[in-house]
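# An overview of the molecular structure
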Amino acid sequence: MIWQQQSPKQLFPNILIFDMARIVGIDLGTTNSLVAYMKDGQPCVVPDRNGRTMVPSVVALTDNGLIVGDSAKEHLTRNPERTVYSVKRFMGKGLADVQDELVYFPYHVTETGGVIRIRLGQKSYSPPQVSAMILKELKLRAEASLGESITKAVITVPAYFNDSQRQATKDAGLIAGLEVLRIINEPTAASLAYGLQQKTQGTIAVYDFGGGTFDISILKLKDGIFEVLATSGDTHLGGDDLDRVLVDLFIGDIRDRYGIDVGRYPDHMQTVRLEAERAKIRLSDELKTEITIELPEDKGRFTRELTRDQLESLVAGIIERTLAPCRIALKDAGLTPKDIDEVVLVGGSTRMPLVRQRVEALFGKQPHCHLNPDEVVALGAAVQADILSGGTTDMLLLDVTPLSLGIETMGGVMSSLIRRNTTIPASAKEMFTTYVDGQTGVDIHILQGERELVKDNRSLAQFRLKVPPLPAGVPRIEVTFLIDANGILNVTATDMRTAKSQSIEVKPSYGLSDTEVERMIEDSFKFATEDVTARKLIEARLDAEALIKTTDKSLVEAGHLITEEEADGIRTSLSQLSTAKNGTDSRVIRARMAELEQTAKQLNVMMLDHSLKQSLQGKKVSEVS
Amino acid sequence: MDNQQSPPHPDTRRQLQMARSMCWHCQSEVTGEYFCDRCVKVQPVSKETDYFTCLGFPRRLMLDPKKLEAKFYELSRTFHPDFYQTKSADEQTISLSNAAVLNTAYRTLRDSIQRAEYLLALETGSVKDIRTSPPADLFEEILDLQDTLEEYRASERDSDQGHRLRATLQTEQEALERRKEGMEAQLRQLFADWDKLQDAGEATSLARVERDRILKEMRDLLSNRTYVNNIVNDLAATIA
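As the structure is a prediction and not an experimental result, all values here were calculated from the model.

What follows is about the overall build of chain A. What chain A contains, in helices and strands, is 21 helices and 30 strands. The dimensions of chain A, computed from C-alpha atoms along their principal axes, are 105 × 80 × 60 Å. Counting over 625 residues, chain A shows a buried share of 53%. Entry remark: accessible area of chain A is about 28300 Å², with carbon and sulfur atoms responsible for 51%.

We now examine the interface of chain B and chain A. Facing 27 residues of chain B, the contacting portion of chain A comprises 35 residues. When the two sides are added together, the surface that chain B and chain A hide from each other amounts to roughly 2600 Å², 59% of it contributed by carbon and sulfur. Of all residues in chain B, the largest losses of buried area upon contact with chain A belong to Y73(B), R77(B) and D82(B), amounting jointly to 26% of the total for that side. At the boundary of chain B and chain A, one finds four salt bridges. A salt bridge links K220(A) to E69(B); the nearest nitrogen and oxygen atoms lie 2.3 Å apart.

Glancing now at the domain arrangement of chain B. All names here are of chain B. For chain B, the domain assignment lists domain 1 (12-110) and domain 2 (136-239). Spacing between the C-alpha centres of domain 1 and domain 2 amounts to 36 Å. Listed by partner, the interface residues are four residues for domain 1 and eight residues for domain 2. With both sides pooled, the region where domain 1 packs onto domain 2 buries about 550 Å², and carbon together with sulfur makes up 61% of that total. In terms of surface lost to domain 2, no three residues of domain 1 exceed R60, L61 and M62, which account for 89% of the buried area on that side. Connecting domain 1 to domain 2 are one salt bridge. R60 is the partner of D199 in a salt bridge, and the nearest nitrogen-oxygen pair spans 2.9 Å. Across the domain 1-domain 2 interface, the total number found is four residue pairs in polar contact (both at pLDDT 80 or more). Looking at side-chain class alone, the side of domain 1 that touches domain 2 contains two nonpolar, no polar and two charged residues.

This next bit is on the pattern of salt bridges. All names here are of chain A. Scanning the entire structure with this criterion turns up 53 salt bridges over all chains. When the shortest N-O distance is used, the salt bridge between E101 and R89 registers 3.0 Å. Within this pair, whereas E101 is found in the loop between α6 (95-98) and β8 (108-112), its partner R89 is found in the loop between β7 (83-85) and α6, the two being separated by 12 residues in sequence. Since its relative accessible area comes to 7%, E101 is described here as buried. On the basis of relative accessible area, R89 is assigned to the buried category, the value being 2%. Through salt bridges that share partners, R89, E101, D240, D241 and R244 make up one connected network.

All right, on to the environment of T49(B) then. Structurally, T49(B) can be placed in the loop between α1 (12-19) and α2 (51-55). Taking the C-alpha atoms as reference points, T49(B) and L149(B), separated by 100 residues in sequence, lie 45 Å from one another.

Turning to the sheet that holds β8(A), a few remarks are in order. Residues and elements named next belong to chain A. A sheet is described by the order of its strands in space; here three strands give the open sequence β8-β9-β10, paired in antiparallel fashion. One side of each edge strand has no neighbouring strand; the edge strands of this open sheet are β8 and β10 (123-125). Within the sheet, the average angular offset between the axes of one strand and its neighbour, ignoring direction, is 40°. Sheet topology note: the β8/strand β9 (residues 115-120) ladder contains five bridges and is antiparallel. Bridge pairing in β9 places V109 opposite I118. Packing against the sheet, helix α7 (residues 127-146) makes contact with β9 and β10, and its axis sits at approximately 85° to β10.

What follows concerns the domain arrangement of chain A. According to the domain assignment, chain A consists of domain 1 (21-237 + 322-398), domain 2 (239-319), domain 3 (403-517) and domain 4 (529-617). Its C-alpha centre places domain 2 of chain A at a distance of 57 Å from the equivalent point of domain 4 of chain A.

Residue and element names in this part refer to chain B. Structurally, R225 is set in helix α8 (residues 205-239). Taking the relative accessible area as the measure of exposure, R225 reaches 11% and is therefore buried. Those residues within four positions of R225 in sequence are excluded, and the remaining contacts are I113, K180, M183, E184 and L187.

Our focus in this paragraph is the pairing of strand β22 (residues 413-418) of chain A. All names here are of chain A. Bridge count for strand β21 (residues 405-409) against β22 is five bridges, and the pairing is antiparallel. Its bridge partner being in β22, E408 is matched across the sheet by M414. Between β21 and β22, which pair antiparallel and follow one another directly, the connecting turn spans three residues, one of which, G411, has a positive phi of 75°.

This part takes up the sheet that holds strand β25 (residues 441-448) of chain A. Residue and element names in this part refer to chain A. The five strands are arranged β22-β21-β25-β26-β30 in an open sheet whose pairing can be described as antiparallel. Among the strands making up the open sheet, the edge pair consists of β22 and β30 (507-508). With two bridges connecting them, strand β26 (residues 458-466) and β30 associate as antiparallel partners. For Q462, the partnering residue across the bridge sits in β30 and is K507.

The subject of this paragraph is the packing of helix α6 (residues 139-154) of chain B against helix α7 (residues 160-200) of chain B. Helix packing geometry: the angle between the two helix axes and the distance between the axes. Residue and element names in this part refer to chain B. Between α6 and α7, the shortest axis-to-axis distance is 10 Å and the interhelical angle comes to 145°. The hand of the α6/α7 crossing is left-handed. Contacts from E141, I142, L145, T148, L149, E151 and Y152 of α6 reach α7 at Q161, G162, L165, R166, T168, L169, E172, L176 and R179. A per-class count over the contact of α6 with α7 returns seven nonpolar, four polar and five charged.

Once that is clear, we can look at the packing of aromatic side chains. Tallied over the entire structure, the rule returns 13 aromatic pairs over all chains. Ring centres of Y51(B) and Y118(B) lie 4.4 Å apart, and the angle between their planes is 15°; on these two criteria the pair is classed as stacked. Taken together, the residues span a long stretch of sequence, with Y51(B) in helix α2 and Y118(B) in helix α5 (residues 112-124) at a distance of 67 residues. Each residue in the set Y85(A), F90(A), F105(A) and Y107(A) is aromatic and connected to the rest through ring pairs, giving one cluster.

Before going further, it helps to examine a negative patch on the surface. Residues and elements named next belong to chain B. A cluster of acidic residues, E140, D144, D147, E150 and E151, forms a negative patch at the surface. The residue E150 is located in helix α6 in this model. You can call E150 exposed: its relative accessible area is 54%.

Moving on to a nonpolar patch on the surface. Together, M410(A), Y435(A) and V436(A) line one region of the surface with nonpolar side chains, adding up to about 410 Å² of accessible area. By the element assignment, M410(A) lies in the loop between β21 and β22.

Conventions and cut-offs
- Within every chain, residues take consecutive numbers counted from 1 along the sequence as written.
- Chains carry letters and ligands carry numbers; both start at the beginning, A for chains and 1 for ligands, and go up in the order they are written.
- Reporting of local features is limited, given that this is a predicted model, to residues whose pLDDT is at least 70; pairs of side-chain atoms are given and counted only at 80 or more, and all residues count toward the totals for whole chains, interfaces and linings.
- Based on all heavy atoms of the structure, the side-chain values leave hydrogens and waters out of the count.
- Where helices and strands are cited, they refer to DSSP runs of H or I of at least four residues and of E of at least two residues respectively, numbered from the N terminus.
- The rule is simple: take the accessible area with a 1.4 Å probe, protein chains only, and divide by the maximum for that residue type; under 20% is buried, over 50% is exposed, in between is partly exposed.
- Methods summary: accessible areas were calculated by the Shrake-Rupley approach with a probe of 1.4 Å, and residue burial reflects only the protein chains presented.
- Throughout, a residue-residue contact means that at least one pair of heavy atoms, one from each residue, lies within 4.5 Å.
- The quantity reported as buried area is the accessible area (1.4 Å probe) lost by two parts once they are put together, taken as the sum for both.
- Basic side-chain nitrogens of Lys or Arg form a salt bridge, by our definition, when they fall within 4 Å of a carboxyl oxygen of Asp or Glu.
- Domain delimitation follows an automatic or database domain assignment.
- In the analysis that follows, any N or O atom pair within 3.5 Å is treated as a polar contact, provided that within protein one partner can donate a hydrogen and the other can accept it, and provided that, for residues neighboring in sequence, both atoms belong to side chains.
- Throughout this entry, Asp, Glu, Lys and Arg are counted as charged residues, while Ala, Val, Leu, Ile, Met, Phe, Trp, Tyr, Cys and Pro are counted as nonpolar. The remaining residues, Gly among them, count as polar.
- By the convention used here, strands pair only if DSSP detects at least 2 bridges between them.
- Working convention: axes come from line fits to C-alpha atoms, limited for helices to the stretch in contact. Angles between N-to-C directions cover 0 to 180 degrees.
- Here is the rule for handedness: rotate from the far helix to the near one, and if that takes an anticlockwise turn smaller than a right angle the crossing is left-handed, while a clockwise turn gives right-handed.
- In this scheme Phe, Tyr and Trp rings, the latter by its six-membered ring, pair at centre separations within 6.5 Å, and the angle between planes marks the pair as stacked below 30 degrees, edge-to-face above 60, and tilted otherwise.
- Patch definition: residues with relative accessible area over 30% and no salt bridge; like charges joined within 9 Å; nonpolar side chains (Val, Leu, Ile, Met, Phe, Trp, Tyr) joined within 5 Å.
- Counting rule applied: Lys, Arg positive; Asp, Glu negative; His and chain ends not counted.
- For the purpose of locating charges, the reference atoms are NZ of Lys, CZ of Arg, CG of Asp and CD of Glu.

So, in structure tokens, the structure goes:
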């Protein structure tokens, strides 16, 4: 197409370029996060003042407020209950999904409205809010380095992330004050960076084994088109799981040798976890290593030796679990290992020699790792950002949806509408009608997954289709399910008789509602400066004091005009408000104030009457009128 | 676009598409293929456009996969939402739905079986029939197979009987796969017949009889093949 070769930039060089806000690429990782941008046709990662490119994905609540990154990481052992790490594992999940691994997390996790909440001090945060804090840190870092305001970003997610997890990531961006122009898959992002570098043509497999997730994507690279043929993975399989095997080993050892249950000491649990992680990393270069862990209760220190062989025999099963998705992806792509021209390794966990061996054995060729496996995803995100801003026009990524999308049909069976590994954007239309005369709604339950039965798949959302009351079978409502280029579902409905489209309010099964996200965006501005929070608290306390004073006064003056019951209610509300006033949450104080105002309504009316009468009593009729 | 060779029967779909000729943006007549010549805005692919037209191919069943892919890539570069990020919301919406149609079109036409099923639906206006009972010439064989399958499911996998049944099922699977391949060879012949008939472009009654024969045989073969294919998959899953 002629039109597309002449990009707007070429047509109007002066107009578009200067108001084209820069779009950054962000790798929001389980363990570390990075931000990158395109500089003179090459992607580069933004380092901090000390030259470090990775921001640890850790958020800690300290006496001075919330901190993120390297400084927060130091709080893992100092203040484990108030330091959040690996929050990505909780994105788009309910509590039941993560029940088994909660024991490994020292911070407090609950659930409200199908969304996990993490308790930090007095407040609870959803995973998108915690992720937003990490994103904000990256945003600040990019702004400091580039000297301009950053408001747009491409954020990467594991290819195997479902709709809820993707939506949660998008929400995180919004809360951080970023317009998320695209959610892109980590292995495909890596392939973009890699393809740019190597000018590769042919079929490649990207094996992405990160801190918390595993992905395999098989792509065909041809003339600048990156076509994903198939993808598979496990969003709960990563370096964290390797660490846990070592944690369990060390805890067992300590119990046997010292009779101490480290699990009861969150700070020491973190020490054990961090030492396990470091030992695992060391064993990628060394054949054996020494482990040293300070014990609780001044019991001294635990030491032991660990060899690479021992580590490998312990984690072999976990690494084996990455191979099944590889085989599924190959099969879905209609390929065998020998059809793969190159294998690319992404993610910190691919530094393990055993991982490399197993990958090499499966694909029958030595995997490539020319680019830093920690940075390649962020670099690719920057390339995608450049494509979206019109800078790069010769590359195009055609990705797929990792999971089949369907709806619930009779008997609790899932009927597939869009199969997994369908190129996105993808859409499917389905016609709905009624079974009963005058029926005014049809309930639709949207699912994602590969299993036959509804209960074995992931519930995405439910909604009620509005139908005009007509005889059964007459209404015809066409529902379009569209998976956009972010892999996120959009649903629209059209009444075929009137050709009118109706808006659908979809209630996500495991996600924040729009209003909740909005509130969180507001909240995030509040949290941006602790001053604001503090000021709010002070204001609320002052207002509460004033309200308590006037209500007390009214009770004395007009208490005899209301029932004893009403007076009691007011007294209870009053004492609740004074308790709230001594707390630190301005919202609780405001809520208690509202309650008191409600219970004291009658009193206030009486009081007004009373004072009016009193003021009238001393006056003559002529003075009043 | 290569739609000079219109099918023997007048197609209402194509007429409808011709009617959509006004640019949604500047209201001038659209003469360009996907873009308004005047205001250079992307135009929505009509709902009535069939997948062959969408990808610019005539209704043929022997399509060169390389050409199909090249066209798909070219149109992806034209419609993909990535290239509309800096455009208006309307253009973004059009690009999104055009890209979705394009992807469906390519997915359907890329696979020769799906392509034939789709053509059949276009030409005869009905969706393919789904076979629930075995084709006549396979009836006995399939019934026996069902028995063996049930026996195998009930048997101890590691016993002698289990091994024996498994071997039987494996042989049966191979036989059915050969049968499927045979059907596919027959289908390929029909595809060639169809393309030849279309290329000749004759509107004689003889041509019409030939057309109906091809479509009918294709329909039967396709539904039989699907049936056998499902059984093969089922078998493979059971003994895997």
